[in-house]
Amino acid sequence: MADILQHLNKEQRDAVEAYEGPVMVIAGAGSGKTRVLTYRVAHLLNQGIDAFRILALTFTNKAAREMKERILKLVGDGNARNVWMGTFHSVFARVLRSEGHRLGFPSNFTIYDSDDSKRLIKTIIKENNLDDKVYMPNFVLGRISAAKTNLITAAEYNDSFEIKQQDTMSGKPLLGKLYQVYANRCRRASAMDFDDLLLFTYILLRDYDDVLVKYQRKFQYVLVDEYQDTNRVQYMILKKLVANDENICVVGDDAQSIYAFRGANIQNILNFKNDYPDAREFKLEQNYRSTKTIVKAANSIIVNNKDQIFKEIWTRNDEGDLVQVMKAGTDIEEGRMVANAIFEQKMNGQLPNDAFAILYRTNAQSRSIEEALRKLNIPYRIYGGLSFYNRKEIKDLLAYFRLTVNNKDEEALKRVINYPARGIGKTSLQKIIIAADQHNLTMWDVICDAGKYALQINSGTLTRISEFVTMIKSFSVQLKTHSAFDLAKLITSSSNIRKDLFNDKSPEGINRYENVEELLNAIKDFTENEREPDPGKDDGGEVSENANSIRTLDEFMQDVALLTDADSQDKNSGDKVTLMTIHAAKGLEFPHVFIVGIEENLFPSIQSLGSRQDLEEERRLFYVAITRAEKKLTLSYAETRYRWGNTTICEPSRFLEEIDPKYIDFPRKPVLRIHSEAKTTSAQMPVPMAHRKLKKIKKGIVPPEGNGGFENANSDKIQPGQQVEHSRFGKGKVLTVEGEGASKKAAIFFNAVGQKQLLLKYAKLKIL
DNA sequence: ACCGTATTCAGCGCG
DNA sequence: TGAATACGGT
């Protein structure tokens, strides 16, 4: 048992063995981060520490599940099952179910997903007769979310003179009011949004000593994965939880922080040592994933960032192939080149499809790639599209379940009161909402007693409303007496959802019907499977009070809001090429990786060019993308790209120049690559012509190509000793020139940014 | 109440 | 371009 540590290298072992006190592990890409976490938990268990006292927080549910499996394998006995493991949201949602009553929330509170939040905020904006061009729902939600993430409640938001002034100056003085109304509505509906799960947890720990003490005792050892992507409220929760023993271990990589745009605070990792002066820090710098070439290429990119913890990732793996760069005329051609390259590499290496991943910056880029793959009959799977739980039919059915569990859930009520159509239309609904507001009641209260509120709804509609209420009530009373599956089945039929979907015989309709069946199957599985031991019950927790009783629908609904596609996705995986955004690829690895669309204004994204921080986040994103590759990395860019219905001219990304050219294999001539397609398409001919024509049209929008004397045509003339000026790096001196033709490169020392290796083919240099 | 047409918008997305 | 929503006519 003790020799599990033999599987670890020195640094990993040190990090695992230092199990008391604050520890930070800076784990470079592919350095065995997950390994350290799993072994650390295993090690804690082997030290005799009670599994119920260990809390491991992960970034996704999937990561939690996988980690749990690995630990179970390592430790052997089932004890590891009792470790609290999950995302911040799922763990603290459970805490809130048992403690939330102190804040006025019942244990059956609903969790609003972002869709619910958006509908609600839209409703509120409309109710207040505000212009949704000024108060754009997404923007308003963003503000509210940011406030919650930074521990600012609605009351505090409205009390803050500074915030008020800021909002007034930006022409949106009513943001505070909207926040307040939104919060009131959530509360009235006994609902929390995702941010509330964290904010209320923090408030609970801050204001209720007994709660704080209870959970400090419960969570004696806390581990946090992907610490670089935690935000302020998560940070504060952790700080509260571990304040006594400081047995906290955070694992992360500042170089892979890619979620600052939604509030992740990279300072959490950079400041860890200030927060915990006794903290021990371990760096995992040996990469086990990628070839030397890939590791070094990645390093040469990330050094361009200023904000980072110094580390040097290295590997004992083979040198490997050079990073291949492909240049395409158009996005269509880029797709073809990638598909052809995969086809070739598959043949040459006898590789399965799932050895390949194609990563892109934006979802919109997947289309041209998909088409090309389809033409070559290469099976693929796209991640990040509409997830199962986001489908309309699933949400509709879940809304019935939600309303059954929590009658106050207004977003659910609005969703299903007239679906399937039962003649309770928009106007009637509006009247109900107004009455609810006037009497400060929930919509449910109003429709329960519809006669009482002088709604001015005609009697036929009133009858239908009362039938609806009766139906939902009949579901609610069966919650505790029927299994989740039985009740779900009943609801599906009694609500007429089953009939409604069954009658639709279009292919989409059939698909929807099947999806509903699939959800019911999932509930059946849930009903039949044993309940996980619930560590939420007081210490020990082995025997929960209902251990032998049936599993009910409200139990099922507790988990479902926090599930995502990841759960339903892996089972039907099969041998397919993976297509996903780089964000979605975090934490994954593939033998062969293609990163497409490496162009200025796309990657880095045009929105990131304004600030150094944003640009550095894009660079980290590129770093993450590169480090997904194990064996071979291929980068591609197109000279023109169809975007928003227009063809735009593209320049290769600055990131391409930043890669040390000695790791790059240069663009192949498109002619070589598309010959196999020559007979099936005529697209290659028009390309250059269309290209030229568009250049003229777009001249005003696209950065001038001449670039004020910054040409790359004069690469022949560049010689050591010359003073040159670069369009971005400024003035510098040429140190060496090597290579020939396309691979000709120069080492140049720039006054502003230091020494750079530049590929003269790309570099826009002016000789001074 | 419902359906077809006009308009708008377009970055990544954990829970 | 095309998806999602708002609007206006029946």
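Residues numbered from 1 in each chain as written. Chains lettered and ligands numbered in written order. Predicted model: local features only at pLDDT ≥ 70, side-chain atom pairs only at ≥ 80, totals over all residues. Heavy atoms only, no water.

Asks: Any chance you could break down the packing of helix H25 (residues 507-528) against helix H26 (residues 553-560) for me, citing the residues and the numbers?
Replies: The angle between the axes and the distance between the axes are what describe a pair of packed helices. Running from N to C, H25 and H26 point in directions that differ by 110°, and their axes come no closer than 11 Å. In terms of axis orientation, H25 runs roughly perpendicular to H26. Crossing angle aside, the handedness with which H25 passes H26 is right-handed. Between H25, through Leu 519, Ile 523 and Phe 526, and H26, the contact on the second element is made entirely by Glu 555, Phe 556 and Asp 559. When its residues are assigned to classes, the contact of H25 with H26 shows 4 nonpolar, no polar and 2 charged. (Axes fitted to C-alpha atoms, helices over the stretch in contact; angles between N-to-C directions. Helix = DSSP H or I, 4+ residues; strand = E, 2+ residues; numbered from the N terminus. Parallel < 35°, antiparallel > 145°, perpendicular 65-115°, else oblique. Left-handed = near helix turned anticlockwise from the far one by under 90°. Contact = heavy atoms within 4.5 Å. Nonpolar A, V, L, I, M, F, W, Y, C, P; charged D, E, K, R; others polar.)

Asks: Break down the pairing of strand S6 (residues 221-224) for me, with residues and values.
Replies: Burial along S6 is two-sided: Tyr 221 and Leu 223 facing one way and Val 222 and Val 224 facing the other are all buried. Two elements, strand S2 (residues 54-58) and S6, share 4 bridges in a ladder whose sense is parallel. Its bridge partner lying in S6, Ala 56 is registered against Leu 223. Here S6 runs beside strand S7 (residues 248-252); their pairing, made up of 3 bridges, is parallel. When the bridges of S7 are listed, Leu 223 appears paired with Cys 249. (Buried < 20%, exposed > 50% of the residue type's maximum accessible area, 1.4 Å probe, protein only. Pairing = 2+ DSSP bridges.)

Asks: Help me get a handle on the sheet that holds strand S8 (residues 280-284), residues and values and all.
Replies: Spatially, S3-S2-S6-S7-S1-S8 is the arrangement adopted by the 6 strands of the open sheet, whose pairing is parallel. Whereas interior strands pair on both sides, the edge strands pair on one side only; in this sheet they are strand S3 (84-87) and S8. The mean angle between the axes of side-by-side strands here comes to 15°, regardless of whether they run parallel or antiparallel.

Asks: Describe the packing of helix H18 (residues 392-405) against H25, listing the residues and the values that go with them.
Replies: Running from N to C, H18 and H25 cross one another at 45°; their axes reach a closest spacing of 9 Å. If you check the angle between H18 and H25, you find them oblique. Here H18 and H25 pass one another in a crossing that is right-handed. Across the interface between the two elements, Glu 393, Ile 394, Leu 397, Leu 398 and Phe 401 from H18 touch Arg 512, Asn 515, Val 516, Leu 519 and Ile 523 from H25. Of the residues in the contact of H18 with H25, the class split is 7 nonpolar, 1 polar and 2 charged.

That's the geometry; what it means functionally is another story.
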